[in-house]
Structures are given as structure tokens and as C-alpha cells.
Amino acid sequence: MDEILDGTTQIDCDILIIGGGTAGPMAALKAKRKNPEANVVLLDKANVKRSGAISMGMDGLNNSVIPGYATPEQYTKEITIANDGIVDQKAVYRYADECYGIIQELDQFGIRFQKDQNGEYDVKKVHHIGTYVLPMPNGDTVKKALYRQLRKARINIVNRYMATRLLTGEDRIAGAICVNTRTAEFLVVRAKAVIMALGAAGRLGLPSSGYLYGTYENASNSGEGYAMSYHAGAGLANLECFQINPLIKDYNGPACAYVAGPMGGYTANAQGERFIECDYWSGQMMQEFYDELQGGKGPVYLKLNHLAEETVAEIERVLHIVERPTRGHFHKGRGTDYRTEMIEMHISEVGFCSGHSASGVFVDEHARTTIPGLYAAGDMANVPHNYMLGAFTNGAFAGLDAVDYIKDVDFADFDMGEVDAEQTRVLAPTKRDDGIPPNQIEYKTRRFVNDYLQPPKVTAKMELAQRRFAEVRHDMENEMYVRDSHELMRSLEASTILDCADMAAAASLYRTESRWGLYHNRVEYERDDENWFCHTILTKGDDGKPAHRKQPVQPYVVEIDDDEKNAYANQRVNSTVAAE
Amino acid sequence: MPLAQTSSIVPVVVDKALCIADKGCTVCVDVCPLDVLRIAASDDGTQTAYMKYDECWYCMPCEADCPTGAVTVNLPYLLK
Ligand SMILES: Cc1cc2nc3c(=O)[nH]c(=O)nc-3n(C[C@H](O)[C@H](O)[C@H](O)COP(=O)(O)OP(=O)(O)OC[C@H]3O[C@@H](n4cnc5c(N)ncnc54)[C@H](O)[C@@H]3O)c2cc1C
Ligand code: SF4
Ligand code: SF4
């Protein structure tokens, strides 16, 4: 294994789905059920059995809209306010309207959702206004259940191939170029439609531990979805709306106020006082978190030590076995116990993600990108605050729409020269006798992301970042060196990460206002509703560098009253309440 | 220029006595999302899984899916 072999294979399919984490499998199932004749290929860099954010399981649905608890109107309003107004509501509304059907399907797959004594869904309130969080008592089975369905539906699964570039021709999608991560052999996939579900750009900033893979996101999500879309000419929306999350310091996993919150836990300052009204993650909430850390009242903690033993035991049971099961090891190693002390929290590295924020490839309510036949769903597609159920539901929309799209099209012709050029680019680090290993290119890029792009954002620092990135790019293109195909995968990721870093700097400089709390806090600019109530769309310009345009926010379908608009802006608890 | 041989302690360890890679098992290698585990043959010909690349998300599929309980996931030292 890991030798560098020569070889290129070509396959054809009707629908190629890249990324078999969360959105991808649902897209595959929906497409196959709608058209059992369709040849659907699900391709992943890892092994679909255990890939993606939900690899080990999930604690619950963070954003479910369940009749009797919430309405699509309420949810659309909540997300519009939480995402500071820059929302095409149609996509959010459609998700809210149809996600209940997906919950019922997941239920049939054997994934259980918490019910109360009356057999009703036991939905919890975590958001500012509405009630949407639904715990999953057997959340550790979610990926297994999904995988069983894929096998049953006879979806063609291709593991350990990393997509590196999309192919286009005749102004539409034509397929993708992929590299085997264990042999370096190429796979060219011709497809009538392509659905991208490659997850977040999770390796953009460097975690404070300095460990490259100690990220919040599944570290295999290095951002190829973003980079491939960019190189293919698709539009990416609001990339300056970074993802930044409140996490357990060093461990860098979610503190999980969504689990602990409804049971009485909360985020506290060093005095043990609550300082934010609502623990639902938003840029405005993160700004308060940051202010507390910087203002001398930190560290910030997850506070559970005031709770009854049974409650703590239950929280531990959920947090230590499901989503990130090594969390128990972490606390044990440090000798920290929820019962006796508060748990130190911190701010995560920056990334692109629409699952938790709103930075993603532009899509409409059918998950269509700006390139015909190319779809995106899940964390990489810009439906804000998507989370897991958003990935499932929008993945379903993509799969269903792609089946209609392929009815009327054949394979698009593409230029074989593109494949040759990509092979040359990919293999360049294998042709040298020595040079810089990918981990050092990656480390340097990500350290500069931290030094210069982490909010609060400063113009001069971001411009310096661009200069440093150009230097690293020069080194990468001329000196990067790999010894086996595993390192080759890492070198391709390093190049993706650098593309994302360039996009992060360019997008942040373009929006000359502050928006989304900490996510796009530009110290030199105030919020500017008059000129900046719009999406920013980033594309690859003719000069090969990021180009930008403004795109109007679609007229709201759910009106927001003036007195509601600021619900998320006033996050700070007025007079901090002492702990019980 | 040769590359340096900087060492690092890996977070995932495999109990040689329990590992049945000899019998053809590759489960942990197959499931790891970061693809950092491999099978090594020792001088006596026995085979064991081991962590080849220190690039771990401490996510645990390797430990959870190993049929004999041979894998232990510890935290990478830098964030422990
Ligand atoms: C630690 C953590 C906890 C979370 N907790 C919750 C929660 O409790 N509730 C909730 O609702 N949401 C939660 N979320 C969010 C939710 O899990 C995600 O929003 C959702 O799973 C994203 O799905 P996705 O399909 O976009 O990405 P993923 O499921 O991550 O899938 C992406 C896939 O793409 C593959 N891939 C990446 N690059 C390539 C490439 N170049 N070629 C081929 N394949 C590639 C990856 O291997 C992976 O399989 C959590 C997320 C994390 C990280
Ligand atoms: S899964 Fe367990 S038994 Fe199988 S190769 Fe890995 S460590 Fe050995
Ligand atoms: S913990 Fe996760 S990343 Fe680390 S070796 Fe096991 S499966 Fe791979």
C-alpha cells in the first residue's frame, strides 16, 4: 500500500455524488428510489461506512421543525435573525417545511428520537425564540443505519478516491477527476449530474493545540468542495461569514450546551455567572464569548457543577459515548469532573461551513449551484445553519432534482487537456527528489490564517496574509515533495487549504462592513444596511484570482418585524445572574 | 536534502496479542476516516495493525469496530 502507481481509469454514471458523509448518502438514496434505473455512484475520500461528521454518531437534531412545536414560518424567521438578515428564505423555508418527512424516514431506518411519556417528540428549547432541538437516544447508530440503507438500495460505493477537480463542458457539468489515496491512480468519472457533499472546510485555521488534525470538524473535510467549485467557476456565497464555535479548550469538541442546556447547564464566566442569554451558536453569541474572554472576565466555562447527580450522570452518558466518545478520556486524563468544577472552554479555529454558519457554495432551494447539473448540499452549501438534518434534507432535494435534470441531457463534452493538466498538477510533488513536505506547507498556511484572518479582522493584516499566502503558494508549486500516495493526498489537501485561505482573505476584504457578530467583525467598519444588505458572491476571475460581486437578498417570504430583528443582537445578560 | 526524522508519540495503540491481522483482518485500516493505520509484518512473520501516520481526529471507529478489542485510542499528546 501507499506506493505511487501509474494509471487512469474512466467510468461513466448518471449521477455522481462526491462525499458519502451525511448529505451524500441521502442524495443517493433519494435519487435511486426516484429512478431505480439510474446509475448512481457515491464516492468518498474515506470509507462511507465511517466517514464524515457523523462517523461515530450524533447527539440529536439541532434544527428540527416538528408540527406542534414549531412552524416553518417561525423557523425561517429565527434563522433569518440568527444569520443577521442575509438569507434567501426560500431555501430555509423549504427545508423547514419538508424536514419532518425526513425525520420520519430516519425513524424508519431505525434511528430513534426522544419521546416523552405521552409518546410525543421531546423537543427542547435552545434557540432564542423557538423550540427545535430533538435528542437521539441511539444517536451512535445513525451512520450504521444509513449505511444499511445504501447497501439495500445497491448504491455503487467507491471508497478512498479523493475528488480534486470538477470537469465542465458545454457550459454545464461533465464529471470529476479523482485520485486514489492509496495508489495515486486516477479515476475520471463522466457524469450527467454531480452532487457535491464534501462537508466543511475544517482545516482552515489552526487549532490552538497546534495539532493539525485536532479540528472541530472531521479532519478529512479539508475543503475540496469549496476549492473544486471555485476552479470550476461556480459562485461561492458569503465566505467572510466564518465558522467559529465555542468548544472545550484543547479537546476542541463541542461543549454541547445543546445537550446540557435543556438540563440546566450553561456557559459561564470565571465568576460562574451566566453572561449570554442563549447558548445557540451564532456570530452574535460568539462575539459575547470573545468579549468575555478578552475583557478579563474569562476563562469561559461550561458549568454543570450546580446540577443534581442524576442529571450530571445523564449528561455524561450522552456526551461521553455518542458524538465524540474520546471526550470522556480527555476529562479523565485531566482529572476534571463536571460534578466538582467548571470545564474550560475556548474559541475554535476559523473555517468555512454553512452547517453552523453561512459560508458555502451558492445554491437555491433545489440545491442547484450556478453551474447547470452541479448540486451542493450539507455543510458546504450556503443554506445557513443547516446542521445534520439540513444535510439530510437538502441532500434529498439535490438527489430528487438531479434525477429530473438527467432526463434531458447526455454527457457533456469536455476538454481532455483538462485531465492532462490536472494529472501534471497532482503528480508534480512526486517528480522531485526532495523539497518541502505537505505538512509544513499546511502548517504555515494555517498559522498565517490564525495570525492574520482570525476576527476581529483588520485590513492591513488581511493584506499581509495575502502576501504570505502568495509566498507559500510559490513554494508549494515549486518545491512540495511527497514520498508515497498517502502524502500525495495530504499535498492535495494542502493545496485546497491554501485556496480556501486565499478565498477567506479576499471575501473578508470585499465586504466593507461588520456583519454576523464575531464571524465578520471588521474593526474599521460599522454595520452598513444601506449598502451591504446583499450576498457577496466570489468566483474565479479571468486572472485566476478571486473576483466578487454583490447579489440582492431575495425578498423575504416571512416578514420580520422591526422589534424582532435585534433578538440575536442583544445576547448579553443585562445584570449577570449568580449561579444557583 | 534529506528530510528530518522527528519523532512523535502516536495516540492509537494496538495490542499485539489481540490483533488478528494474521487471519486477514483489516477492519481498523478500512474504517479510519484519516487513513492513518496500516498492517505491519514483524520479523517472525506475524502481522499487526499500527498507526503509521500521526494524523488522528481521535474519533474512534478503529476502536469501536475492531472485532477483538485490540485498539485503544488515546488523545494526541499536544491536546491531551
Ligand atoms: C463534532 C460535531 C458535532 C456535531 N453535532 C451535531 C449535532 O448534535 N446535531 C446536529 O444537527 N448537527 C451536528 N453537527 C453538524 C452536522 O454533523 C453536519 O452539519 C453534517 O453532518 C454535515 O454533513 P455533510 O454531508 O455536509 O458533511 P460530512 O458528513 O462531514 O461528509 C463529508 C464527506 O465528504 C468526504 N470528502 C471530503 N473531501 C472529499 C474529497 N475530496 N473527495 C471525496 N470525498 C470527500 C468526507 O470523507 C465525508 O465523508 C456536528 C458536527 C460536528 C463536526
Ligand atoms: S481491527 Fe483489530 S484485529 Fe483487525 S487488524 Fe485492526 S487491530 Fe487487528
Ligand atoms: S481515532 Fe479515528 S482518526 Fe484516529 S486512527 Fe482511529 S479511526 Fe483513525
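Conventions used here
Residues numbered from 1 in each chain as written. Chains lettered and ligands numbered in written order. Predicted model: local features only at pLDDT ≥ 70, side-chain atom pairs only at ≥ 80, totals over all residues. Heavy atoms only, no water. Core = buried A, V, L, I, M, F, W, Y, C linked by side-chain atoms within 4.5 Å. Buried < 20%, exposed > 50% of the residue type's maximum accessible area, 1.4 Å probe, protein only. Domains from an automatic or database assignment. Contact = heavy atoms within 4.5 Å. Helix = DSSP H or I, 4+ residues; strand = E, 2+ residues; numbered from the N terminus. Expected span 1.5 Å × (residues − 1). Buried area = accessible area lost by both parts, 1.4 Å probe. Near = heavy atom within 4 Å. Nonpolar A, V, L, I, M, F, W, Y, C, P; charged D, E, K, R; others polar. Arc of directions from axis to C-beta. Salt bridge = Lys/Arg side-chain N within 4 Å of Asp/Glu carboxyl O. Polar contact = N/O pair within 3.5 Å; in protein donor to acceptor, adjacent residues only side chain to side chain. Phe/Tyr/Trp six-rings, centres within 6.5 Å; stacked < 30°, edge-to-face > 60°. Axes fitted to C-alpha atoms, helices over the stretch in contact; angles between N-to-C directions. Parallel < 35°, antiparallel > 145°, perpendicular 65-115°, else oblique. Left-handed = near helix turned anticlockwise from the far one by under 90°.

Novice: Sorry, what's going on with the nonpolar core here?
Specialist: The tendency in soluble globular proteins is for nonpolar side chains to be buried as a group. Residue and element names in this part refer to chain A. Of all hydrophobic cores here, the largest spans 193 residues; its most connected members are Leu16, Ile18, Leu166, Met196 and Phe352. Residues from two domains meet in this core; each of domain 1 (246-347) and domain 2 (428-532) gives at least three. Dropping the residues within four chain positions of it, Met196 is found in contact with Ile18, Leu166, Gly225, Met228, Ser229, Val361, Thr369, Leu374, Tyr375, Ala376, Ala377 and Met380.

Novice: I tried to follow helix α8 (residues 309-321) of chain A on my own but got confused; where do I start?
Specialist: Because each turn of an α-helix spans 3.6 residues, side chains separated by three or four positions end up pointing in the same direction. Residues and elements named next belong to chain A. For α8, spanning 13 residues, the distance from its first C-alpha to its last is 18 Å, which sits close to the expected 18 Å at 1.5 Å a residue. Within α8 the residues assigned to the buried category are Val312, Ile315, Val318, Leu319 and His320. Buried residues in α8 make contact with α6 (257-260) and α9 (327-334).

Novice: Sorry if this is basic, but what is going on with the domain arrangement of chain A here?
Specialist: Accessible area lost upon the coming together of the parts serves often as the stated size of an interface. Residue and element names in this part refer to chain A. Per the domain assignment, the segments of chain A are domain 1 (246-347) and domain 2 (428-532). On a C-alpha basis, the centroid separation for the pair domain 1 and domain 2 is 30 Å. With 8 residues of domain 1 in contact, the opposing surface of domain 2 contributes 7 residues. When domain 1 packs against domain 2, close to 530 Å² is buried across both sides, 65% of that on carbon and sulfur atoms. If you sort the residues of domain 1 by the area they bury against domain 2, Gly283, Gln287 and Tyr290 come out on top, with a joint share of 68%.

Novice: Sorry, what's going on with the site of ligand 3 here?
Specialist: For ligand 3, the set of nearby residues contains 14 residues, the closest of which are B:Cys32, B:Cys56, B:Cys59, B:Met60 and B:Cys62. Residues belonging to the shell around ligand 3 are distributed by class as follows: 14 nonpolar, no polar and no charged.

Novice: Sorry, what's going on with α9(A) here?
Specialist: All names here are of chain A. The complete set of buried residues in α9 reads Arg327, Gly328, Phe330 and His331. Angularly, the buried residues of α9 cover 160 degrees about the axis, an arc narrow enough to put them on a single face. Across α9 from its buried face, at more than 90 degrees, point the exposed residues Lys332 and Gly333. Residues of α9 that are buried in the fold lie against β10 (246-248), β13 (300-303), α8 and β14 (343-347). Directly after α9, the chain includes Gly335, whose backbone phi takes a positive value near 70 degrees.

Novice: Quick question: what am I supposed to make of the site of ligand 2 here?
Specialist: Taken together, the neighbourhood of ligand 2 is formed by 13 residues, with B:Cys19, B:Ile20, B:Cys25, B:Cys28 and B:Cys66 sitting nearest. Taken together, the residues of the shell around ligand 2 break down into 12 nonpolar, 1 polar and no charged.

Novice: How do you make sense of the interface of chain A and chain B when you look at a structure like this?
Specialist: In this assembly, 40 residues from chain A lie in contact with 29 residues from chain B. Each partner contributes to the roughly 3,000 Å² buried at the junction of chain A and chain B, and carbon and sulfur atoms together form 55% of this total. Taking the shortest distance from any N to any O, the salt bridge between A:Asp2 and B:Lys52 comes out at 3.2 Å. Across the chain A-chain B interface, the total number found is 23 residue pairs in polar contact (both at pLDDT 80 or more). For the side of chain A that touches chain B, the secondary-structure elements that each account for two or more residues are α9 and α14 (485-510) of chain A. Of the residues that constitute the side of chain A that touches chain B, the class distribution is 13 nonpolar, 14 polar and 13 charged.

Novice: Any chance you could explain the packing of aromatic side chains here in plain terms?
Specialist: Given two aromatic rings, their pairing is described by the distance between the two centres and the angle made by the two planes. Residues and elements named next belong to chain A. For the structure on display, the rule yields 18 aromatic pairs over all chains. Pairing Tyr100 with Tyr121 gives two aromatic rings, centres 6.4 Å apart and planes at 90 degrees, and the pair type is edge-to-face. Remark: Tyr121 occurs in the loop between α3 (89-108) and β4 (134-135) and Tyr100 occurs in helix α3; sequence separation between them is 21 residues. You can call Tyr100 partly exposed: its relative accessible area is 23%. With 5.9 Å between their ring centres and 65 degrees between their planes, Tyr216 and Trp281 make a pair best called edge-to-face. On the criterion of sequence distance, the pair formed by Tyr216 in the loop between β8 (186-196) and α5 (224-232) and Trp281 in the loop between β12 (274-276) and α7 (283-294) is long-range, its members being 65 residues apart. Here Trp281 falls in the buried class, since its relative accessible area comes to 5%.

Novice: Is there a simple way to think about the packing of helix α12 (residues 438-453) of chain A against α14(A) in this case?
Specialist: All names here are of chain A. In contact at an axis separation of 8 Å, α12 and α14 are set at 20 degrees when each is read in the N-to-C sense. The angle between α12 and α14 falls in the class roughly parallel. Note on packing geometry: the crossing formed by α12 with α14 is left-handed. Residues Pro438, Ile441, Glu442, Thr445, Arg446, Val449 and Leu453 of α12 touch α14, and the partners they reach there are Glu487, Arg490, Ser491, Ala494, Ile497, Leu498, Ala501, Ala504 and Ala505. Of the residues belonging to the contact of α12 with α14, the class tally is 10 nonpolar, 2 polar and 4 charged.

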